[in-house]
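Structure assessment
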Amino acid sequence: MVMAIKTLLSYLFVGLAALLPRAFALGRYLTDDEANFWMRRSHAWLEAIAAGDWAATAISTHPGVTTMWLGAAGLVLRETLLGWGLLGGLDFPTALAFFRLPPVLAHVGGVLLGYWMLRRLLPGPLALLAAALWALDPFFIGYSRLLHVDALAGTFATLSLLAACCAFQMAVPSLTKDQRPKTRPGVVGLWSLVFGPTPRSQALGPAWLVASGLFAGLAMLSKSPAVALAPAVALVAWLAAWGRNGTPWPRPATIGALAVWGLVAAATVFALWPALWASPLRAYAELRTGVAVEGAQPHMTGNFFLGRRDEAPGPLYYAAALPLRLTPWGLAGLLLLPLAWRRAPARGDYRPLLAALAAFALIFVVALTPFPKKFDRYLVPIAPALAILSAAGLYALPPRPPLPERERGSPRQAAPRHGAALVAVVCAAAIANAAWWHPYALLAYNQLLGGAPAGAATFRVGWSEGLEQVAAWLNAQPDITGVAVTAERTTSLNPYLRRGAQADFPVGGRLHRENGYVVVYVAQVQGGPPPPPFDRFYGETVPLHTVRLHGVDYAWIYQVPPPVAHTRPAGFGAELELLGYDQAAEARPGQPVNLRLLWEARTRPAADYWLFAHLVGPDGRRYAQVDQPYPTSQWAPGRFVAAELPFPLPADLPAGTYRLLVGLYDPATGERLALGGAPPADPTLSGPDALKLLELTVR
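Residues numbered from 1 in each chain as written. Predicted model: local features only at pLDDT ≥ 70, side-chain atom pairs only at ≥ 80, totals over all residues. Heavy atoms only, no water.

1. Concerning the sheet that holds strand 3 (residues 484-486)
The following threshold applies: Whether two strands pair comes down to DSSP finding at least two bridges between them. Secondary structure follows DSSP: runs of H or I at least 4 residues long count as helices, runs of E at least 2 residues long count as strands, and numbering of each begins at the N terminus. Here a residue-residue contact requires only that any non-hydrogen atoms of the pair lie within 4.5 Å. Under this scheme, a helix contributes an axis fitted over its contacting stretch, all axes are lines through C-alpha atoms, and angles between N-to-C directions fall in the 0 to 180 degree range.
The strand order 4-3-5-7-6 describes an open sheet built from five strands, whose pairing is mixed. Of all strands in the sheet, those bounded by a partner on one side alone are strand 4 (503-504) and strand 6 (545-549). As paired strands, strand 3 and strand 4 are joined by two bridges and run parallel to one another. Counted as the bridge partner of Val485 is Ala503 from strand 4. Those strands touched by helix 21 (residues 467-475) are strand 3, strand 5 (515-521), strand 6 and strand 7 (552-559), and its axis lies near 160° from that of strand 5.

As structure tokens, this is what we get:
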């Protein structure tokens, strides 16, 4: 009874560890691929299924079939709840959460099912640790919260490998060859003929083989590189046959079992992709385009590696990405794998499982390396396998006494005495780490190697995370509905802007009319300046607001300067800059000259400065003067301020050409702010640090 309660609690822990970091804040931000592809593809998939247009389900080159099935399920769920009146006003984050909820539940179910299989293959504490690291890996969490393909391929591929290990390793004969019973009819009988007797605890061998093929088909339907499963599963079968037969040559029945696996995988692909029913050539063309065209070309938006722009990173890319995307204990666990390999035989000998997982990860990385199109997120499918391997390495660290002979050979009986403490410590660290990165787990990089700043210095980062914070700041601006916003990631930004606000992509490198704000995103500036018109702002002016995530600046918001008729750039101290002015009317004696000066605060001014304006005639005499207070201490950095300057002209002002000299000073000390960026006027006319703003002709 106590053991049953402990087992139930372990499943509850694994389930919550998988669910909570994926389900909270599910609509927080929208990635580029979801906005531009997968949400639309899910709509198109559902429409094609509803219309019975099977050929129209050849939509993506990945092929992304599982992603579209799950996205369509989210749409159906949302519409059903709306039809029942259970949902009120549906804002965008809630709508996005419905798209993502089915994939999240698929991952949670996958982790729980994986834990069930791990308990059949590994000692109990190690199985719990492996499942916990799988569930709590922030790199995998980040992508398994999305409507996307990589994490789904990883979950299904891992389940396929575990089921294959259950199929081939659980059938280890407990009787000698002479004690084997006669062949029984059917699949189980064939299994007994090949692998020996099938006691009740091992009677699911054929079912595990079918399950492995089913999950392999789902993995390949998610993303085509999952075909790396085939050699990994073949390795499992070969190791099992070698261990039983004592020869490296596989028996014909082993090859037959692999053929069954392949047939189940192919049948799964065929059954769940309707395009194969109606137009297999069209489906093949999509897949071929993904491999031979898209994969063989650098990404159309460019790439970044090791501090510079690199369209096609070389073979070192994934070698650098792998340790940076691991957790500190994940990296330590992989380094300890040789110790785990040496100690595994004394605890049930789970080395074939380790070999299969390591082979899958290695084959997957080697297969990806020749392609010029590279991103570190392409390693997501092997993240669960690496988590299990890391758990095995960590589990081998504490010394353990040898087990009695009667307990050897049974993974579940080989539970080490010190395993519980190790599991508790590592799981606590993993929980804290997952909470630390939430909800921006896409930014998770190994803290031992520099964390998120090191990742941003090594790889291209930014998949539109943080743009929801940009939208929140813009939504708080009183003028946001009256001006346009220029940004590159408009499809990921616009859904979070309030009604009446709009972000547009620049056309021809020019700002739009009535443009008020410009947003520069981190991916635009990695390795060099951004393209026009963003280069006029980034590094050139002070941003109004910066979005910073885990120590990395991800987005900068700039105000677009209002147009001025006359540019006159000049700096006053390190705090303020004059950009230009507008003049409302001609100069006439006895009438004010209405000027509008446009200022920018570089930093927040330390005091409220005063503006002086002196009217100096052709003879060098000062004919008029204005001193006007400015509330400069309230001017935000990066903000443009248009300040009116009504300058009255004396009624008896003689005709001629006059110079209007301006400057700023601190009223508390009378000290003027140093003029920079423009030549000062003759100090004999108005003193030091005065700028000749304009000339007035009075007739």
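Now that the structure has been shown, we can carry on.
2. Some thoughts on the packing of helix 4 (residues 92-121) against helix 7 (residues 150-169)
To be explicit about the condition: An angle counts as roughly parallel when it lies under 35 degrees, as roughly antiparallel when it exceeds 145, as roughly perpendicular when it falls between 65 and 115, and as oblique in every other case. The sense of a crossing depends on the near helix, which, turned anticlockwise from the far helix by less than a right angle, makes the crossing left-handed and, turned clockwise, makes it right-handed. Residues are grouped as follows: Ala, Val, Leu, Ile, Met, Phe, Trp, Tyr, Cys and Pro are nonpolar; Asp, Glu, Lys and Arg are charged; every other residue, Gly included, is polar.
Close contact between helix 4 and helix 7 brings their axes to 10 Å; oriented N to C, the two are set at 20°. Considering the angle they form, helix 4 stands roughly parallel to helix 7. In this structure, the crossing between helix 4 and helix 7 has a hand that is left-handed. In this structure, helix 4 uses Ala106, His107, Gly110, Leu113, Gly114, Met117, Leu118, Arg120 and Leu121 to contact helix 7, whose residues at the interface are Ala151, Leu152, Thr155, Leu159, Leu162, Ala163, Cys165 and Cys166. Residue classes in the contact of helix 4 with helix 7 are distributed as 12 nonpolar, four polar and one charged.

3. Examining helix 20 (residues 451-458)
This is how it is decided: Only protein chains enter the calculation, and the probe is 1.4 Å; a residue is then buried if its accessible area is under 20% of its type maximum, exposed if over 50%, and partly exposed in between.
The element helix 20 is largely enclosed, with a buried count of six among its eight residues. The set of residues buried in helix 20 consists of Gly451, Ala452, Ala454, Gly455, Ala456 and Thr458.

4. Details of the sheet that holds strand 12 (residues 622-629)
What the four strands build is an open sheet, ordered 12-11-14-16; its pairing is antiparallel. Of all strands in the sheet, those with a lone pairing partner are strand 12 and strand 16 (691-698), marking the two edges. Within the sheet, the average angular offset between the axes of one strand and its neighbour, ignoring direction, is 20°. The pairing of strand 11 (residues 610-616) with strand 12 spans seven bridges and is classified as antiparallel.

5. Re the side chain of Gln477
Keep this limit in mind: Whenever a nitrogen or oxygen atom comes within 3.5 Å of another N or O atom, the pair is scored as a polar contact, on the condition that within protein one atom can donate a hydrogen and the other can accept it, and that pairs from neighbouring residues in sequence are kept only if both atoms are in side chains.
Its location among the elements puts Gln477 in the loop between helix 21 and strand 3. The exposure class of Gln477 is buried, given its relative accessible area of 9%. Side-chain polar atoms of Gln477 contact the backbone oxygen of Trp473, separated by 2.9 Å. The residues touching Gln477, leaving out its near neighbours within four places in the chain, are Arg498, Tyr517 and Arg639.

6. Section: the packing of aromatic side chains
For the record, the criterion: Between the rings of Phe, Tyr and Trp (Trp by its six-membered ring), a pair exists once the centres lie within 6.5 Å; its type follows the angle of the planes, with under 30 degrees stacked, over 60 edge-to-face, and the other angles tilted. Any Lys NZ or Arg CZ that is within 6 Å of a ring centre and within 35 degrees of that ring's normal is treated as a charge sitting over the ring.
In total, this model carries 24 aromatic pairs according to the counting rule given. Each ring, one from Trp45 and one from Trp69, has its centre 5.3 Å from the other, and the planes form 70°; the classification is edge-to-face. Taken together, the positions of Trp45 in helix 2 (residues 32-51) and Trp69 in helix 3 (residues 65-83) put the pair 24 residues apart, joining distant regions of the chain. Look at Trp45 and you get buried, because its relative accessible area is 0%. Taking relative accessible area as the criterion, Trp69 reaches 34% and is therefore assigned partly exposed. Considering the side-chain rings of Phe360 and Phe364, the 5.8 Å spacing of their centres and the 55° angle between planes classify their relative orientation as tilted. Separated by four residues within a single helix, Phe360 and Phe364 lie in helix 17 (residues 351-368), roughly one turn from each other. Taken as a pair, Phe360 and Phe364 share a single burial class, namely buried. Positioned above the aromatic ring of Tyr445, the side-chain terminus of Arg325 is 4.0 Å from the ring centre.

7. Let's talk about unusual backbone geometry
Cis geometry marks the peptide bond from His62 to Pro63; its omega dihedral reads 15°. Assignment of secondary structure puts Pro63 in the loop between helix 2 and helix 3. A cis amide bond, omega 0°, links His438 with the succeeding residue Pro439. Within the secondary structure, Pro439 sits in the loop between helix 19 (419-437) and helix 20.

8. Quick word on the side chain of Gln628
Among the secondary structure elements, Gln628 is positioned in strand 12. Residue class for Gln628 comes out buried when judged on its relative accessible area of 17%. Among the polar contacts listed, one links the side chain of Gln628 to the backbone oxygen of Glu644, at a separation of 2.9 Å. Among all residues touching Gln628, those that are not within four sequence positions of it are Tyr609, Trp610, Leu611, Glu644, Leu645 and Pro646.

9. Section: helix 3
Selection criterion: For a helix, the expected span equals 1.5 Å multiplied by the number of residues minus one.
Between its terminal C-alpha atoms helix 3 stretches 27 Å, which fits the 27 Å expected from 19 residues at 1.5 Å a residue. All buried positions along helix 3 are accounted for by Val65, Thr66, Thr67, Met68, Leu70, Gly71, Ala72, Gly74, Leu75, Arg78 and Leu81. Positioned one or two residues after helix 3, Gly85 has a phi angle of 75°, which is positive.

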